[in-house]
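Examination of the molecular architecture
This is what each chain is made of:
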Amino acid sequence: MEIVKTKVAIIGSGPAGLLLGQLLYKAGIDHVIIEQRSAEYVASRIRAGILEQVSVDLLEQAGVDQNLKANGLPHSGIEILTNGKKQRVDLSLLTKGKQVTVYGQTEVTKDLIQAREHAELISFYEAEQVQVDDFYSKPKVTFHYQGKDYQIECDFIAGCDGYHGVCRASVPEDKIKTFEKVYPFGWLGVLADVPPVADELIYVQSERGFALCSMRSETRSRYYLQVPLTDHVEDWSDERFWEELKRRLDPESREKLVTGGSIEKSIAPLRSFVTEPMRFGQLFLAGDAAHIVPPTGAKGLNLAASDIAYLSSALIEYYLDGSEQGINEYSEKCLQRVWKAERFSWWMTHLLHRFETESEFDHKIKQAELSYILSSHAGQTTLAENYVGLPY
Ligand code: APR
Ligand code: PHB
């Protein structure tokens, strides 16, 4: 058995784990990352693409914002298409100059992996049988790696291992409470090297279901269609996808849409999920390991970033100032922001998607709510201030 001693063991090399590792490295705090997949696999995952300003600032603090500054697309507004008409929501005007940046999570992950490799930090990729133990006393992480058994002895474990990870699953049932809502549809996503249909994102509420027109650059687009959970990606040829998207768009966008071969196509389920608390002795959950949001509000990556902002400053405060205040307040602080983002993501999903089971009355009420939001300064402001990201 190889014994490795460190201060913080980070489980998971997604955006949460990598960002925490980078911030601890910048503060000179010893840590390792243990990841079950290969670095290539992690860097290849296609995920969402909207960064709140606070997330951009955190990536800058981590020293990994070079590509983001060069290739990120600042957006000051979004379009909402309903009843065949597009209306722009001027995010910056409504939030005193705030904006979001379009930059793929794939690129964020690649930038963080590249920075980690450049700093020659310790990462165990393709680790097997990862287990976390004794996190209420002297935390240990055991795993099998390149033919050897390893044991990490550490002060803290950061559970950044996503929704299906081992960390949350290792918490005794009587110490944890979870909250969940599963939506009765999925998002069929297509990535294609075609120019975006518009300069800004278009969120579509149509009788045929939700659609989203997004992008990764001026030459690469990302589109989504709400589809039934019974659909399989094999049911959707590129041609069928483009035809259905056109049916959900307004005439101008339909005319402008450039179609092409998909370079990635997948169906993702939608769920809202929250774990309480987010700290268990010396184990801290962060990112998807602790919570999931439907992608409608573009909050998944941004919530992972805010968790890591709180956790990294708490650990830095502990090691550099000897204070336990940050780690004691971690869970409460995170959950305050998590639940507000859960509410906004649920609200956008509820408002813009077609629910087969909703009554005609409920549907009319939703139409009236969206009409009010879009015609009211107060209504647009509430949408805008949640979309650009609430303050930490
Ligand atoms: N041992 C080690 N690593 C694990 C284990 C395990 N038992 N289980 C999962 N992992 C790894 C996964 O392979 C993955 O690389 O943990 C990582 C978790 O990364 P993400 O799922 O990307 O979660 P997170 O870093 O919190 O980022 C959240 O990713 O899924 C999107 O929409 C989500 O944008 C949000 C962001
Ligand atoms: C994306 O570009 O993948 C994206 C953008 C906005 C969302 C969800 C996904 O709300």
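Residues numbered from 1 in each chain as written. Chains lettered and ligands numbered in written order. Predicted model: local features only at pLDDT ≥ 70, side-chain atom pairs only at ≥ 80, totals over all residues. Heavy atoms only, no water.

**Section: the sheet that holds strand 13 (residues 156–159)**
- Taken together, the six strands give an open sheet; going across it, the order is 9-3-2-13-20-19, and neighbouring strands pair in mixed fashion. Lying at the two open borders of the sheet, with one neighbouring strand each, are strand 9 (123–124) and strand 19 (279–280).
- Judged from the two bridges that link them, strand 3 (residues 31–34) and strand 9 form a sheet pairing that is parallel. Note that in strand 9 the partner of Ile 33 across the bridge is Ser 123. (Pairing = 2+ DSSP bridges. Helix = DSSP H or I, 4+ residues; strand = E, 2+ residues; numbered from the N terminus.)

**Quick look at a negative patch on the surface**
- Taken together, Glu 40, Glu 117, Glu 126 and Glu 128 make up a surface patch of like negative charges.
- For Glu 117, the position within the fold is in helix 6 (residues 105–118).
- Overall, Glu 117 belongs to the exposed group, its relative accessible area being 53%. (Patch = residues over 30% accessible without salt bridge, like charges linked within 9 Å, V, L, I, M, F, W, Y side chains within 5 Å. Areas by Shrake-Rupley, 256 points an atom, 1.4 Å probe, with all protein chains shown as cover. Salt bridge = Lys/Arg side-chain N within 4 Å of Asp/Glu carboxyl O. Lys, Arg positive; Asp, Glu negative; His and termini not counted. Charge placed at Lys NZ, Arg CZ, Asp CG, Glu CD. Buried < 20%, exposed > 50% of the residue type's maximum accessible area, 1.4 Å probe, protein only.)

**A few points about the nonpolar core**
- The biggest cluster of nonpolar side chains holds 75 residues, and the ones touching the most others in it are Leu 19, Leu 20, Ile 34, Val 141, Phe 143, Ile 152 and Ile 157.
- Here this core gets eleven residues from one element, more than from any other, and that element is helix 9 (residues 300–321).
- Dropping the residues within four chain positions of it, Val 141 is found in contact with Ala 9, Ile 11, Ile 34, Val 130, Gln 131, Val 132, Tyr 150, Gln 151, Ile 152 and Ile 157.
- Residues Phe 185, Leu 201, Leu 374 and Tyr 387 belong to the second largest nonpolar core, which totals 33 residues. (Core = buried A, V, L, I, M, F, W, Y, C linked by side-chain atoms within 4.5 Å. Contact = heavy atoms within 4.5 Å.)

**Brief notes about the site of ligand 1**
- Within the structure, ligand 1 sits among 24 residues, and Glu 35, Arg 45, Arg 47, Gln 105 and Asp 288 are positioned closest to it.
- The separation between an oxygen atom of ligand 1 and a polar side-chain atom of Glu 35 is 2.7 Å.
- Gln 36 is positioned with one of its backbone polar atoms (N or O) 3.2 Å from a nitrogen atom of ligand 1.
- In isolation ligand 1 has 710 Å² of accessible area, and contact with the protein removes 88% of it.
- At the level of elements, helix 1 (15–26) and helix 9 are the ones that each hand at least two residues to the shell around ligand 1. (Near = heavy atom within 4 Å. Polar contact = N/O pair within 3.5 Å; in protein donor to acceptor, adjacent residues only side chain to side chain.)

**What to know about the site of ligand 2**
- The local shell around ligand 2 holds 14 residues, among which Tyr 203, Ser 214, Arg 216, Tyr 224 and Pro 295 are the closest.
- Between an oxygen atom of ligand 2 and a side-chain N or O atom of Ser 214, the distance comes to 2.6 Å.
- In isolation ligand 2 has 280 Å² of accessible area, and contact with the protein removes 99% of it.
- When residues of the shell around ligand 2 are assigned to domains, at least three fall in each of domain 1 (2–73 + 103–179 + 271–348) and domain 2 (183–270 + 361–372). (Domains from an automatic or database assignment.)

**Observations regarding the pattern of salt bridges**
- Using the criterion set out here, one finds 23 salt bridges in the structure.
- A salt bridge links Arg 88 to Asp 90, with the nearest nitrogen and oxygen atoms 3.4 Å apart.
- Under the relative-accessibility criterion, Arg 88 is labelled partly exposed at 33%.
- Its salt-bridge partner being Asp 134, residue Lys 140 comes within 2.5 Å of it at the nearest N-O pair.
- Residue class for Lys 140 comes out partly exposed when judged on its relative accessible area of 24%.

**Re the UniProt feature "domain: FAD-binding" (unreviewed entry) in the protein chain**
- Listed under "domain: FAD-binding" (unreviewed entry) in the UniProt record, and renumbered for this structure, are residues 5–345.
- Within the segment residues 5–345, helix and strand shares are 33% and 31% respectively, and the terminal C-alpha atoms sit 40 Å apart. (UniProt positions renumbered as here; feature names shortened; annotations may be inferred.)

**A closer look at unusual backbone geometry**
- Geometrically, the link from Glu 276 to Pro 277 is a cis peptide bond, its omega value of -10° lying close to zero.
- Locating Pro 277 in the fold gives a position in the loop between strand 18 (262–276) and strand 19.
- Phi angles above zero are rare outside glycine, and Glu 126 is one such case at about 60°.
- As for its placement among the helices and strands, Glu 126 is situated in the loop between strand 9 and strand 10 (128–133).
- One non-glycine residue, Asp 134, lies in the positive phi region at around 55°.
- Residue position: Asp 134 is located in the loop between strand 10 and strand 11 (140–145).
- Under the relative-accessibility criterion, Asp 134 is labelled partly exposed at 36%.

**Some points on the domain arrangement of the protein chain**
- Domain parsing of the protein chain yields domain 1 (2–73 + 103–179 + 271–348) and domain 2 (183–270 + 361–372).
- Taking the mean C-alpha position of each, domain 1 and domain 2 sit 30 Å from one another.
- Counting residues at the interface gives 15 residues for domain 1 and 16 residues for domain 2.
- Both faces considered, domain 1 and domain 2 share a buried interface measuring about 1,200 Å² in area, 65% of it formed by carbon and sulfur atoms.
- Three residues, Ile 46, Leu 73 and Arg 271, lead the burial of domain 1 against domain 2; their summed loss comes to 38% of the area buried on that side.
- On inspection of domain 1 and its partner domain 2, the count reaches zero salt bridges.
- Where domain 1 packs against domain 2, one counts three residue pairs in polar contact (both at pLDDT 80 or more).
- For the side of domain 1 that touches domain 2, the secondary structure elements donating two or more residues are strand 18 and helix 10 (325–352).
- Taken together, the residues of the side of domain 1 that touches domain 2 sort by class into nine nonpolar, four polar and two charged. (Buried area = accessible area lost by both parts, 1.4 Å probe. Nonpolar A, V, L, I, M, F, W, Y, C, P; charged D, E, K, R; others polar.)

**Digging into the packing of aromatic side chains**
- The final tally for this structure, using the stated rule, is 23 aromatic pairs.
- Geometrically, the ring pair formed by Phe 241 and Trp 242 is edge-to-face, given 5.4 Å between the ring centres and 85° between the ring planes.
- Judged by relative accessible area, which is 0%, Phe 241 ranks as buried.
- An aromatic cluster is present here, built from Phe 156, Phe 284, Tyr 318, Tyr 319 and Tyr 330 joined pairwise through their rings.
- Positioned over the ring face of Tyr 41 is Arg 37, at 3.6 Å from the centre of the ring. (Phe/Tyr/Trp six-rings, centres within 6.5 Å; stacked < 30°, edge-to-face > 60°. Lys NZ or Arg CZ within 6 Å of the ring centre and 35° of its normal.)

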